[in-house]
Structures are given as structure tokens and as C-alpha cells.
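Inside the fold
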There are 2 protein chains.
Amino acid sequence: MPVTDIATRVYNHGWRLDPVVRSLLDTDFYKLLMLQMIRHLHPEVRTTFSLINRSTSVRLAEVIDEAELREQLDHARTVRFSQRELIWLAGNSFYGKQRMFAPDFIDWLADFQLPAYKLGKSEGQYELTFEGPWTHSSMWEIPALAIVNELRSRAALKGKGRFELDILYARAKAKLWEKVERLRELPDLVISDFGTRRRHGFLWQRWCVEALKEGLGSRFVGTSNVLLAMDNDLEAIGTNAHELPMVLAALAEDDAGVAAAPYRVLEEWRAHYDGNLLVALPDAFGTAAFLRGAPDWLADWTGVRPDSLPAIEGGEQIIGWWKERGRDPQTKLLIFSDGMDVDSIEATYRHFDGRVRMSFGWGTNLTNDFRGCDPAGGHELEPISLVAKVTSANGRPAVKLSDNPAKATGLPSEIERYRRIFGQEGQMPQAVRV
Amino acid sequence: MPVTDIATRVYNHGWRLDPVVRSLLDTDFYKLLMLQMIRHLHPEVRTTFSLINRSTSVRLAEVIDEAELREQLDHARTVRFSQRELIWLAGNSFYGKQRMFAPDFIDWLADFQLPAYKLGKSEGQYELTFEGPWTHSSMWEIPALAIVNELRSRAALKGKGRFELDILYARAKAKLWEKVERLRELPDLVISDFGTRRRHGFLWQRWCVEALKEGLGSRFVGTSNVLLAMDNDLEAIGTNAHELPMVLAALAEDDAGVAAAPYRVLEEWRAHYDGNLLVALPDAFGTAAFLRGAPDWLADWTGVRPDSLPAIEGGEQIIGWWKERGRDPQTKLLIFSDGMDVDSIEATYRHFDGRVRMSFGWGTNLTNDFRGCDPAGGHELEPISLVAKVTSANGRPAVKLSDNPAKATGLPSEIERYRRIFGQEGQMPQAVRV
């Protein structure tokens, strides 16, 4: 007879809340890297971040209960960095660099709280926005996405029998392990978990990270999730994101300032991080324009992360640019992280093997691939394309163009203006699945 | 933070024994049905049952620790029928019949204990024999097989990491569920679990039975395992086995007595069970001879369980015999239970659909199919062909011929004698995998 722990059982049936976010480290590492720089260089800027569900056929406001969503968002606002988290941030080395985070930044984090949110509904979708200092509203991106995605998973799982759940997770585990066995065949693979924002749930992401650690050994170099990096003694992985050029472009006084913003922000980055973390994200306003206008020092950076072109096209474009600029691609790094899965990782790896250094950031298809796993045949667990983007800075509209017009965000009139400034060269429309 | 139940954790690390056999009901139902008749009609017969590993390449004595094996066998000898088990046996109806077990038999079971065993080693195999009254030595068949198979599984799993085990069981669950989904496509399927003797382990068999109950609904009609039938409110399934004709043939005074034994035992059976449970097992000494010599009343029985010919050949042979004897096969039942798996179940079902009633007993490939599931790629969990057969009765050698010469058991000289008596017509050599 199994012993039943009565207290645990009673608690499990009656708890007030099963929090999605239990730690402010349960976020992507680049948020902290960007945060330190934003606080240093742009402390007065105010921004608005907004949730955008590109999978409009999934009517989130009809799937997720509003009271539950508010409870989770409210709970996240009660969470603070714990002492041991701050000690770890201060004492750990990142990318081999000691004291990546300055003492005054660590002190400032001790009082950090996520700011208020606004929640409404429109046409079956939630309108969820976060307004405040850039330093604060920005930090909602990952927890907000994690909360909405996990509440959607929970809604899909509600009412399923114990056995159905058992099969569902058994299948998902077996499915991930098939992927691990395929990836193990790539001898020089370098891969990390980028799946926090789109994960099925926190515990599942943790299982996936443990699976990669166990199954891929040294090929698995870390996770973007800071909490999981700390708990599993893994490298925290990340550099910077689209919000930096988007905010700086929004704040620019004229079109020339907009055009210069993507480079200005990288200068700031390089100076702020003393020449570390030199990976550029080229596609905020189109990769072709970015590369054409890039100052020569950018070709000296360690690498580039193409994020909206198909991996092989994007990689070739960047390799071509390095060659044009007289650099040897074999010394350079490409990071692929846009909707990758085993097929595209294998194809990309084989395509570039020996020509360039490569690293893969594996996101949604790592931490939220339950396709074909539901024994009832449902599709409610299939991932959606949910993002939280900066939509304004100091009251001025922010814009992202990307290389894929389906991923553009911003006011239509502003998108038009940015397209005039950067051109539309190399735009490649693709369906956005995840 | 999960709560750790300290007492449970300490107990789990220090227990004396994790028993394989915890109940005398953890056996096949036909053992109890046969036992009641043996006690009634043949209480003085003494028999020896012997473990036979047909998979000689697996050197069991090098895989399973002898001390552990003795501990498990000794533990099984300490187990008694519990009051609630006896009440259930007395009060439950089987195949719609009330009081299948007489009160004096139930009383007698209350004191039942498995008899002593003899354990030695030879050429890498265990020599495990059970000698005593037929009523007692016979009851070792299933527990002995379950113990040896589960200890072999445990040896294969020893030292595997928690994660490896997690993947292994996730894959095995996903694999079984694929089978369930295929079987669900057969609208009139009638199937039951016959997997006790070859199971990976008790807990795994229980999971498999729960899976079939959940996944196959009314297509899943029950289990041969009496304990699992009781615990899960399922039908206990079974009738009789080769040991009955084998013992009666061994005791026969002359060749004519041997030739008559297979029919005499069925007459005893019919009389003992008042015309219930009328399913004949035709292949103890070859199906062709059995059918040719069968008295006409046998064609009136409900069904036949071909157990060593390939399912379709065996079924056709029996259908042909029913027709010869002027019976309508559509009113008759064929039970297929020899090494079945989804492919052969589907093929057999489709072959006979509409021509005869069918029922499938699914054994080893239900409860012990871990092929391809070990993330380390090992084969130590693949099932072996292990049986426990009656080898002598009142000191006279017992023989089984079967339709497959690879399944014959007994002294070579006696096998020769039986082959003269019954002929070798219809013998079909096949590899014995499980």
C-alpha cells in the first residue's frame, strides 16, 4: 500500500494558487543584460509593452479565465529577487566574465517589482499592456508570455483523466527524446534552450532542460532561462533583443536618427559591456538594409543572430557580408533561433558545417511540442505565436519590420515610414507558426 | 518546494525486500479452475514442475543473483490468501456463473501454502523445480515465472539513472498506446490480458491493464490475472492448460491410455464444471491428431484455443474440423493467445472476421514489450521464452509435443514414444520468441 501524505493531498486539493511565476529569475538572460544597460543609459525613458497574439484564430480571451489571469499577474507582482538569487547573479561568471552585473545594479534589483498592468478584451483577445519606466515595463515580457501560455495549457488539460495525462506526457517525453537522439548525431552541435517564453509550463521546461543536459552532454551549452541556469549549473545564454533598436528608433528626432538607431544601440552595447557579448541582431528593420549600412567595426563582432529569414538564406546573406568586408566567416558565429526544430537544425548544421561557427537557440519546438500527443486527438496544446513587444517609447510609436512582413509590428502609418527609410530589399514573406 | 516524506524516503532506501509476489491471487485464473478440479479428482497425484528457459542464449544464472531469487521464492511461500480475497472468490460470479468455487475449496485455500522448491545451477541456467502434491506444485507455475522475469528486469534496470528510467517508461507507455490506438480500429475486437507469466513487473502489468481498460473500453473483456481482475473490477479470464492432458497421459498404463488422455481430461472438465468453461486446448500432443480422434461431443463445445500453430493456420484447421463435423463455425469461438501482437491480431481479426467468433489473449507483447525503449540501446529487457512445465507425475515422465517441435518438452525417449502414438501430422516448426 502506498503511504498517502494526507497534508500534501489536502493542500493539493485546496491551494489558493499554483503560481506560474515563482521567481524573477524565471526570465530570459538577455532581459537582465539589457536591463542593466537601459538603467545605465536610458533611465528616464518610458515604454509600453503589449501582448500580441499573431495566432488570431485562437481566441485567448475565450480560453483563459480572466480572473485566473489577473491572479497570476498579481502574484507575479508580489515576487521579489531573493537573496540567494542576487548573490548568484553577483558571484557567477557569465561567458567567462566575472562580475557581469555591477554591485549598484544588484542593489537596485533587490527592490525591483513588476509594474502595474492594464487588462482588457477585444474581439476574443486579451489586450494586455504594461506601461512605465523602460526598466520596469520591459521586465514583463517573459513572465507575461509564460503566464498566458501556461494558463492556456492548463485550460486545455483541465478535466482530462489521470490516465490521459499520463499518456500525453509519456508521448511528449518520448517525442523529445527522439529529437535528442537525432541531434546527438551532429558531432559539433552547439545548442541551448531558448524556450521560456513559449513553454507549455515551467515544470515541463525544466524537464526539457534536464533532458538536453542528460542526452546531449557537452553539445548542450545552456539555457536562456536564468533560474534554470542557476538551478542546473548551466550557462545563462543571451545578449540583446529587438526592443533596443526599436526604442532608440522611436525616440529619434528624424528619419536620419531612425536609420542610425540600429548601429547607435550596438555602439552603446559594446561600450557598456566592454567588448563582450558582441552578437548583433540584424533584422529589426530588415537584414539587407542593416548589413548594407553597417559600419565596418560591426564586421569585427563575434557573431550575428539572424532571426526572421529562413536559417540558410539568412546565414548565407551574413556570410556573404563578412566576405565582402574581408572577414573570414570560419572565425565568426551564427546563432539560429527562429522557430528551429530538429529538421531545420540538421539541415542548417549540414549546410554550414565547416564554413562558419554555429550555435542554435531552440525555443518553442523544444519546450512546447505536444503535437500528436493528446490521446483525445485535441489540438488545444499546439503552440501559438504570442509575443510581447514594445509598442511605444516616451509616447512615440515603436515599430519592428523584421525580414518577414508577417512579423511586422507597429502603427500602419509608422510601418510605412520605416519601410521608406530602410527599404524593403530582401523581405521574405513566410507563415509564422511559432 | 516539494515536501519530502522523510519516513517513506528512509524506508525506500533501506527496505528488506521489494516482494514480486504479494498475493496468491497474483496468478492466472486457470490455475484456480484447474486446482479445484485436481483437488476433487486427483488429490493423490504428485507432480514435479520445472522451470525451462528456451532462450538459452540468456544465461539467467549469470543475470539474476541467487540470494535475491531465494529471498523472493521464500517470500512467496510466506504469502497466504487473505480473507477479502477468499470472500471475493466465493462471492464473485465468473463467466456469469455464481459460486464457481465450492465452499469446501475456499476453506481449503485458506490454509494453502506454496510448497518447497529446489534450486541449483547448470550451464548458466537455474534448475528450479517444485515437487509435491499436484495441487501444490502446480501453483508455483505463475509465481515462479513472474519472480524470475521481474528479477531479470530489475537486474537490467539496476544502476540506470532516474532520467534514463523516465525515458524508458515514457517510451514503453507511448509504444503501448500506439498499439491501443490501432486495436481501437477493430470494431468487434474481444481481447484480454494474458501477460502475467511474462510480465516486465507487477506494477507495469497493472499499468498495462489500466491502459487497456481506459483505451479499449468494452473491447477489453478482462485479465487472466486474478488479483488485477479483483482490484480493477474486471472479468477473470481462463479455462485450462496443457498440464491436465500431460499429467493424465503420464499416468496412463499404456499407449492406448496415453492416446485417450486428452479426451478423458476434457470429459472430467465438462463434468466438473457442469458444462461451463467449454474451451478446449487442442495442441498438447498435436492439433491434427487431436481433432482427428476427437469424440463428436467435443465439436459441441463453445470453442477451441489453438496455442502453437500460427493463428490463421490453426484457426482454419479448427474451422475445417467444425464444418466436417457439421457444426456452424459462426456460432463457435476461437481464442488466439500464442505470442500475439498488434500485427498478428489485426491480420487474424481481418482474416476471420464474420466467419467465427474470436477472442484474443494478449500476453508477452502486452506486458513486456520494451524493445527499442532503452535510451542506452540495451537489449537486456527483451522478453525471453521462459516456461514452467510439469515434468513428471507420480514419478513418470510428462511430455508435451505441441504443434511446434521447438516447444516440445520431456525426455527425448518419451517424446519419441508420444510421436509414435499421436503421429507428426501438421507439425510446423517455428522460432519461439516469447
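In this text the structure is predicted, and so the values were computed from the model without any measurement. (Residues numbered from 1 in each chain as written. Chains lettered and ligands numbered in written order. Predicted model: local features only at pLDDT ≥ 70, side-chain atom pairs only at ≥ 80, totals over all residues. Heavy atoms only, no water.)

1. Thoughts on the domain arrangement of chain A
Residue and element names in this part refer to chain A. Segmentation of chain A into domains returns domain 1 (6–160 + 387–400) and domain 2 (176–368). Placing the centre of domain 1 and that of domain 2 at their C-alpha centroids yields a distance of 22 Å. Opposite the 50 residues of domain 1 that make contact, domain 2 presents 43 residues. At the boundary of domain 1 with domain 2, total buried surface from both sides reaches about 4,100 Å², with 60% on carbon and sulfur atoms. At the boundary of domain 1 with domain 2, the tally comes to five salt bridges. Scanning the region where domain 1 abuts domain 2 turns up 24 residue pairs in polar contact (both at pLDDT 80 or more). (Domains from an automatic or database assignment. Contact = heavy atoms within 4.5 Å. Buried area = accessible area lost by both parts, 1.4 Å probe. Salt bridge = Lys/Arg side-chain N within 4 Å of Asp/Glu carboxyl O. Polar contact = N/O pair within 3.5 Å; in protein donor to acceptor, adjacent residues only side chain to side chain.)

2. What about the relation of the copies chain B and chain A?
When chain B is brought onto chain A, the operation consists of a screw motion whose angular component is 180 degrees and whose axial shift is 0.0 Å, with 0.0 Å RMSD remaining. Taken together, the turn and the small shift mark the pair as related by a two-fold rotation axis. The position closest to the rotation axis in chain B is occupied by the C-alpha of B:Ala170, lying 2.1 Å away. Comparing contact sets, 100% of the residues at the interface of chain B also lie at the interface in chain A, consistent with an isologous, same-surface contact. (Least-squares fit on C-alpha atoms with pLDDT ≥ 70 in both.)

3. Quick notes on the state of the cysteines
If you walk through the whole model with that rule in mind, you get zero disulfides over all chains. In this structure B:Cys208 is a free cysteine whose sulfur lies 11 Å from that of B:Cys373, the closest cysteine sulfur available. (Disulfide = S-S within 2.5 Å.)

4. Thoughts on the sheet that holds strand S10 (residues 357–362) of chain A
Residues and elements named next belong to chain A. Strand order across the open sheet formed by seven strands is S6-S5-S4-S10-S9-S8-S7, with parallel pairing between neighbours. The two strands at the open ends of the sheet, each matched to only one other strand, are strand S6 (235–236) and strand S7 (279–280). With two bridges connecting them, strand S8 (residues 303–304) and strand S9 (residues 333–336) associate as parallel partners. When the sheet's bridge partners are listed, Gly303 is paired in S9 with Leu333. (Pairing = 2+ DSSP bridges. Helix = DSSP H or I, 4+ residues; strand = E, 2+ residues; numbered from the N terminus.)

5. Quick word on the UniProt feature "domain: Nicotinate phosphoribosyltransferase N-terminal" (unreviewed entry) in chain A
On the UniProt side, "domain: Nicotinate phosphoribosyltransferase N-terminal" (unreviewed entry) is annotated at positions that read residues 25–149 of chain A here. Secondary structure content for residues 25–149 of chain A is 47% helix and 18% strand, and the end C-alpha separation is 18 Å. (UniProt positions renumbered as here; feature names shortened; annotations may be inferred.)

6. What to know about the pairing of strand S1 (residues 46–53) of chain B
Residues and elements named next belong to chain B. By the criterion of burial, S1 is predominantly enclosed, with six of the eight residues buried. As paired elements, S1 and strand S3 (residues 125–133) share five bridges and run antiparallel to each other. In the strand pairing of S3, Thr48 is matched with Glu131. Pairing geometry for S1 and strand S11 (residues 386–393), over seven bridges, is antiparallel. By the bridge assignment, Leu51 is partnered in S11 with Ala388. (Buried < 20%, exposed > 50% of the residue type's maximum accessible area, 1.4 Å probe, protein only.)

7. Thoughts on the interface of chain B and chain A
Taken together, the 20 residues of chain B in the interface contact 20 residues of chain A. Between chain B and chain A, a total of about 1,700 Å² is buried, with carbon and sulfur atoms accounting for 56% of that surface. Interface area lost by chain B to chain A is led by B:Phe163, B:Arg171 and B:Trp177, which between them contribute 31%. One can count eight salt bridges joining chain B with chain A.

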